[in-house]
Amino acid sequence: MSDVNIDQVLSQLRAMSRAAQGAPVVADSEKTAPGDFAALFKAALDGVNARQKEAGELAAAFEKGDDNVDLTEVMIALQKSRVSFQAMMEVRNKLVSAYKDVMSMTI
């Protein structure tokens, strides 16, 4: 099992959550209260969901011929949605891997 500090992991999750929501990234020195991980993870998921909905709406508006929607705007929104979803999938995979490592430990 790796020697990754849990504070580093939580700091990265906070940064990803803010990035997924489009908020500015705050310094890593910010501390998370115990039990706040679930709220942080839910906020990150909600941010990814919002990006996907926004990208879908822009794509649909462009397909309908809306003159206010530019193709480059649609493509950027779709790529942001894709990247945030892939980042969330990587976080999920790391959490599952860490869970498996902990469960396979002998006492």
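Our subject is the structure listed above.
Residues numbered from 1 in each chain as written. Predicted model: local features only at pLDDT ≥ 70, side-chain atom pairs only at ≥ 80, totals over all residues. Heavy atoms only, no water.

## Quick notes on the nonpolar core
Core analysis: the biggest nonpolar cluster contains six residues, these being Ala 55, Leu 58, Ala 59, Val 69, Val 74 and Ala 77. It is helix α2 (residues 37–63) that provides the largest number of residues to this core, a total of three residues. Those residues within four positions of Val 74 in sequence are excluded, and the remaining contacts are Leu 58, Ala 59, Phe 62 and Val 69. (Core = buried A, V, L, I, M, F, W, Y, C linked by side-chain atoms within 4.5 Å. Buried < 20%, exposed > 50% of the residue type's maximum accessible area, 1.4 Å probe, protein only. Helix = DSSP H or I, 4+ residues; strand = E, 2+ residues; numbered from the N terminus. Contact = heavy atoms within 4.5 Å.)

## Remarks on helix α3 (residues 71–103)
Here α3 contains 33 residues, and its C-alpha end-to-end distance of 48 Å stays within 8% of the 48 Å for a straight helix at 1.5 Å per residue. Turning to α3, its buried residues are Val 74, Ala 77, Ser 81, Ser 84, Met 88 and Val 91. (Expected span 1.5 Å × (residues − 1).)

## A look at α2
Spanning 27 residues, α2 covers 39 Å between terminal C-alpha atoms, matching the ideal 39 Å at 1.5 Å per step. Of the positions making up α2, those classed as buried are Leu 40, Ala 44, Gly 47, Val 48, Arg 51, Ala 55, Leu 58 and Ala 59. Phi turns positive, to about 90 degrees, at Gly 65, one or two residues after α2.

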